[in-house]
Amino acid sequence: VIIIIHIFYGENIKNKIIFPLASVIAFVIACCLVQHLHDRAIIWITPLDAGKNLEGQAQTVLYLFQAIHRSGIWGNGPGSLPQSIYRTKNTDHVAATIIHEYGVVISIILLIIICLLVAWLLQQRTPANTYEELLSVSFGMEIAIMVFLHIAGNIGSFLTAGVSLPFISEGISINTLVTISIAIHCAFSNKEDKKYVIQNKTF
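The structure presented is a predicted model; accordingly, all values stated were derived computationally and were not measured.

Rules and cut-offs
- Residues numbered from 1 in each chain as written.
- Predicted model: local features only at pLDDT ≥ 70, side-chain atom pairs only at ≥ 80, totals over all residues.
- Heavy atoms only, no water.
- Core = buried A, V, L, I, M, F, W, Y, C linked by side-chain atoms within 4.5 Å.
- Buried < 20%, exposed > 50% of the residue type's maximum accessible area, 1.4 Å probe, protein only.
- Helix = DSSP H or I, 4+ residues; strand = E, 2+ residues; numbered from the N terminus.
- Contact = heavy atoms within 4.5 Å.
- Patch = residues over 30% accessible without salt bridge, like charges linked within 9 Å, V, L, I, M, F, W, Y side chains within 5 Å.
- Areas by Shrake-Rupley, 256 points an atom, 1.4 Å probe, with all protein chains shown as cover.
- Salt bridge = Lys/Arg side-chain N within 4 Å of Asp/Glu carboxyl O.
- Polar contact = N/O pair within 3.5 Å; in protein donor to acceptor, adjacent residues only side chain to side chain.
- Disulfide = S-S within 2.5 Å.

Enquirer: Got a minute to help me understand the nonpolar core in this structure?
Expert: Soluble, globular proteins show a tendency: their nonpolar side chains are buried together. Within the largest apolar cluster, 18 residues are counted, with the highest numbers of intra-cluster contacts made by Ile-114, Ile-143, Leu-165 and Val-178. Looking at this core, the elements that each hand over two or more residues are α5 (94–122), α6 (131–154) and α7 (172–202). In this view, Ile-114 contacts Val-147 and Leu-165; residues no more than four positions away in its chain are not counted.

Enquirer: Sorry if this is basic, but what is going on with the environment of Gly-140 here?
Expert: Its place among the elements puts Gly-140 in helix α6. Counting along the chain gives 20 residues from Gly-140 to Trp-120, while the straight-line C-alpha distance between them is 7.9 Å. Those residues in contact with Gly-140 that sit more than four places away from it in its chain are Val-118, Leu-121 and Leu-122.

Enquirer: Even after reading the chapter, I still don't get unusual backbone geometry, so can you show me in this structure?
Expert: Outside of glycine, negative phi angles account for most residues, and trans bonds account for most peptide bonds. Residues other than glycine seldom take positive phi values, yet Phe-167 does so here, at roughly 70°. Relative to the elements of secondary structure, Phe-167 occurs in the loop between α6 and α7.

Enquirer: Got a minute to help me understand a nonpolar patch on the surface in this structure?
Expert: Taken together, the side chains of Leu-21, Ile-25, Ile-29, Leu-33, Val-34 and Leu-37 define a hydrophobic patch exposed on the protein surface, amounting to about 550 Å² of accessible area. Examining the composition of the nonpolar patch, we find that four residues originate from one element, helix α2 (residues 13–33), more than from any other. Within the element layout of this structure, Val-34 appears in the loop between α2 and α3 (35–45).

Enquirer: Please explain the side chain of Lys-89 as it appears in this structure.
Expert: Relative to the helices and strands, Lys-89 is located in the loop between α4 (55–71) and α5. Residue classification places Lys-89 among the buried positions, given a relative accessible area of 10%. Polar side-chain contacts of Lys-89 include one of 2.6 Å to the backbone oxygen of Leu-81.

Enquirer: When you look at the pattern of salt bridges in this model, what are you seeing that I'm missing?
Expert: Pairing is possible between side chains of opposite charge, provided their charged atoms come close. Going through the model one piece at a time under the given rule, you end up with one salt bridge. Among the ionic pairs, Lys-89 bridges to Glu-101, the shortest N-O distance being 3.7 Å. Placement of Lys-89 in the loop between α4 and α5 and of Glu-101 in helix α5 is noted, with a sequence separation of twelve residues between them. Assessed through its relative accessible area of 6%, Glu-101 is described here as buried.

Enquirer: Which parts of the structure should I look at to understand the state of the cysteines?
Expert: Linking two cysteines covalently via their sulfur atoms produces the bond known as a disulfide. Evaluated as defined, the whole model comprises zero disulfides. Unpaired in terms of disulfides, Cys-31 finds its nearest cysteine sulfur in Cys-32, a separation of 6.9 Å.

The following block contains the structure:
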């Protein structure tokens, strides 16, 4: 999510190229040095040939590919995923539910909308290094981390962290927290817009 946001909202072309490239290189180095990341990379690259040692860890990723194959582009329809497969299909595993019931297209559109929300929160509408600016950036990073942990856990590339997907899951605490964060950011933005209007009227 952060790489996508940086590509669209980076300061210049040079930074837009260097940051994603450096991130990919760092990820490759980490996969080579850290055994857990190496195992996960092997599972994603060749899930069917992961080997006996990784057979148990590959089941989640294999199920994801099987679910995408069964759901197709537009999914199997609301309520088609049994509660017995994911007991928390409306909270901790809502991303897997969306893929199965609504398909790949809706899942991608939803991810794009979330990226735009995070990008909007990261926009500097207030003077740099102010308390308001730091809060807005914190809100954006907070939601980005929530989304990363949720989706990564649902697709088997990270441990299931029990983090709901903001505004999609039925998690009351997270949805309330995100709503308050957006409301505070809107208040900051509105204050800056009023300052801009007053200054223009003065001149």
